[in-house]
Amino acid sequence: MGRDTAGRRCAWPVSEMGAASWRLALTLARRELRGGLQGFRIFLACLVLGVAAIAAVQSLSAGILDGLRRDGRAILGGDVALRQLYQPVPDPVMEVLRDSGPVSTSAEMRAMVRSADESHSALVELKAVDGAYPLAGSMMLDGGERLHPALTQRDGYWGAVAEQGLMDRLGAKVGDTLRLGETEVQVRAVIAREPDRASGGGFTLGPRLMISLAALPDTRLHQPGSLIWWGATVRLPDGTDVKAWQAALTERFPGAPWRMRDVSNAAPQIQTFIERMNTFLTLVGLTSLLVGGVGVGNAVRAHLDARGGTIATLKCLGAPGALVFRVYLLQIMILAGLGVAGGLMVGAAAPPLLGGLLEGLLPVSLHVGVYPGALAAAVVFGFLTALAFSLWPLGRAREVPAGALFRDAIAPAGGRPRAVYLVLLGLAGLGLAGMAVLTAHEPRFALWFVAGAVAALAVFRLAAWAVVRGAAALGRPRSPGLRLALANLHRPGNPTGAVVMSLGLGLTVLVIIALIQGNFSRRVQETIPDGAPSFFFVDIQPDQFAPFKDTVLAVPGTTAFEAVPSLRGRIETINGQPAEQALKNKEGEWLLRGDRGLTYAAEPPAHGSIIQGQWWARDYRGAPLVSIHTSVAEAFGVGLGDRIGVNVLGRLVEAEVASVRAADFASLTINFALVFSPGLLDGAPQTWIATVRAPVESEQQVQRAVLQRFPNITAVRIKDALDTVGAMLGHIGMAVRVIAAITLLAGTLVLAGAVAAGHRRRTYDAVVLKVLGATRGDVVRAFLLEYGLLGLITAVIASVIGTLAAWAVLVWVMRWDWAFLPSAVGTTAAVATAITLALGFYGTWRALGQPAAPLLRNE
């Protein structure tokens, strides 16, 4: 015998209430677990789902990024690559490169290609390569043919290789000739894999067509000001300090217009895209884990309720509250370990299974393997979730007196845990938030997610409380079924809170995703903005402008012809400070990724409005001025009177900000972030871009007329470009919908757990009602009415919160137009109601199948 902390005699030795009590707690916990996992199946399933989702997303992302790092040389085509616009890399630079190692040169541009009979045409991503290409990796052609023999000139035709997509569009086959610019090329093979395809970025408007660099002059596509990216790639000797080599080259040729990349950032745009998708999908996976956390809390609460007699007995025998807490905490952590282990196995197995499906969608290889960091993050998320959602019921069980535990079934004791457990709960929540931020590639986005998750949990908790209070306030309606349904919503031990919290969170995520994706689809795929042009034409030479305009407008039905001169330049300085250092808003980093389109004009653009400053006079010829888009002003925190320096063809030109414009780039009309005053850029090499609107039945005629007379001009059909963007969004949307479905599945499991937890009470209610004369149909209708009301209320709450969140993301974060889509919200409401009705019906039907006599004798 010993004495507890209050001095009372108890059956537990005092020594057992110190550090050694953990051993005793483990012994008791292990003995209780011998009874099996009854009541913890939902607990385990929720943890397995959430941990598996996070482990799979993190492992897939790690595999793709690892592929980028390991295959950096092959993706880049060498160790260091230089790219510059308009002109090839200068000879002095080429001499330095050749002295350092093998060098390969190339040229890339968008061009139009036509079938030999002029019946079909297509926009292509043209690439011209020399005989040394590729310096790293291997070019694979269907049939095993070698690249350079296929590109040589034979029988009067230069050779070409093309992607299968181009062959399908033109209805061509290997051996056919195609018109490219002012020459004809013969397709000799189909491209199976291009090693450095990903180095130029992930977004392309057309399939690849590859020719020899020696064939490019015959096409006459290289004109002054043509948008051609010229590249030079060098393979350095093994052991070379690549960073030091780049620094020396930059120091030797300061202010050079090229963009330089090495193997460490071979495909920066793809890497950024994968990192952002990883952050988003991980957070959606964490949402499913949080939804599962509600199920974890419900399972722990139900388990402790079922063990109420045991806990009360232990306390009556003198067991201290700390020992009770430790016994059941150890049980929960052991079970959490099983759930986390199961989730890890599923998550680790996902990348090999999905690798084959993703192979054709990714421009880089996926390195399948075990990534400890990814799996460790999932483990921490799993245990923190289990701990955070278990501490409240565990702490409550530790504090409730023994007598109250015996009465808990009919008179819940309520109350809250002591301060130490609330502190632990807060630390677990902070741990979850910290992990979400630390594992995200964009911490700011993760912080917003954490804030939103906390707000959503609070709102749903408040909503559940309001539903319970509202059901109680409605009193006793005349209809027996409705009276019973409302009573079940607010009776002791009701499942209202669990259903609203768990199913509501999952449905909210679905509403958000459905509305965001629906708005994207509506804008990108389903509708072209009013007044949008049918075509963009680029690379119009100055001497071609007048006859080009006549040719286009000669086609019946063409209207709204617009054209402006076009140049390219890189923003380098803001008020004399390097642009990278002057950046105030990271959302404007896109302005520093390569060259931006520039133009000059005497009059303000037709599409947009001046919100600060004023436009220069039509005949202005003074100091250089520039009008900037609001995105530039927000990115660099600049306004009227500030100076912006732009590198145009290696020359830094500075201009004073004269006005700030607002314009909608999504309108698909001609808009530029920077518009200069006339005079400064008039003499620079330049081309024109133009847009025109044409009836659908005249589009082919417009395209054919331009290509026949001006083969160097590239025509971009707006609908084709939108279809390409739509296809990309479709692939992204599929991944998001899969993770969102896991969230909904977790919510459904939690709902099933709530139904299962109340099964004994439902069975008793059903038996009593039948004994009192109620028919099976009366009981079913009453219970289904309860679950129907619960599902409908949950759907309404989720729809409101999800709609507000989707609106905020689209309008405030993405700066996108908003439209409410009733079908998306209606579908969500139907899903919520159907799920609750189905599970409610299942639980009720099981309850009705129980015989009355044994149950009543036991009671």
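Treat the numbers as computed from the prediction; the structure is a model and nothing was measured.

**Looking at the confidence of the model for the chain**
Scored by pLDDT, the chain has a mean of 77; 78% of the residues are at 70 or more. In this model, residues 1-17 is a region of pLDDT below 50 whose contacts with residues beyond four sequence positions or in other chains number 30 contacts.

**Concerning unusual backbone geometry**
Here the bond from Y133 into P134 is cis, since omega is -10°, no more than 30 degrees from zero. In this structure, P134 sits in the loop between strand 5 (121-129) and strand 6 (140-141). We note that A560 has phi near 55°; this positive angle belongs to a residue other than glycine. Inspection of the secondary structure puts A560 in strand 15 (residues 559-574). Of the residues examined, A560 reaches a relative accessible area of 34% and is grouped as partly exposed. Although it is not a glycine, N575 sits at a positive phi angle of roughly 50°. Take N575: it is sitting in the loop between strand 15 and strand 16 (577-578).

**A closer look at a nonpolar patch on the surface**
Where nonpolar side chains cluster on the molecular surface, the patch consists of V420, V423, L424, L427 and L430 and spans about 460 Å² of accessible area. Residue position: L427 is located in helix 14 (residues 419-438).

**Comments concerning the pairing of strand 17 (residues 596-600)**
Among the 5 residues in strand 17, 5 count as buried, and that is most of the element. Across the two faces of strand 17 the burial is the same, with R596, L598 and Y600 and G597 and T599 all buried. Relative to strand 17, strand 15 runs antiparallel, the two sharing 3 bridges. Looking across to strand 17, one finds that R568 is bridged to G597. Two elements, strand 17 and strand 22 (residues 674-676), share 3 bridges in a ladder whose sense is parallel. The partner of L598 across the bridge, within strand 22, is L674.

**Quick look at the nonpolar core**
If you look at the biggest cluster of nonpolar residues, it comprises 71 residues, and the most contacted ones within it are F43, L286, L394 and F460. In contact with F43, not counting residues within four places along its chain, are V296, A299, V300, I332, L335 and A336.

**Points about the pattern of salt bridges**
Inspection of every chain in the model, using the stated rule, returns 9 salt bridges. In this structure, R110 engages E125 in a salt bridge whose closest nitrogen and oxygen atoms are separated by 2.9 Å. You can see R110 sitting in strand 4 (residues 103-115) and its partner E125 sitting in strand 5, a full 15 residues away along the chain. Take E125: its relative accessible area is 11%, and that puts it in the buried class. With a shortest N-O distance of 3.0 Å, R208 and E194 are connected by a salt bridge.

What counts and what doesn't
Residues numbered from 1 in each chain as written. Predicted model: local features only at pLDDT ≥ 70, side-chain atom pairs only at ≥ 80, totals over all residues. Heavy atoms only, no water. pLDDT = per-residue confidence, 0-100. Contact = heavy atoms within 4.5 Å. Helix = DSSP H or I, 4+ residues; strand = E, 2+ residues; numbered from the N terminus. Buried < 20%, exposed > 50% of the residue type's maximum accessible area, 1.4 Å probe, protein only. Patch = residues over 30% accessible without salt bridge, like charges linked within 9 Å, V, L, I, M, F, W, Y side chains within 5 Å. Areas by Shrake-Rupley, 256 points an atom, 1.4 Å probe, with all protein chains shown as cover. Salt bridge = Lys/Arg side-chain N within 4 Å of Asp/Glu carboxyl O. Pairing = 2+ DSSP bridges. Core = buried A, V, L, I, M, F, W, Y, C linked by side-chain atoms within 4.5 Å.

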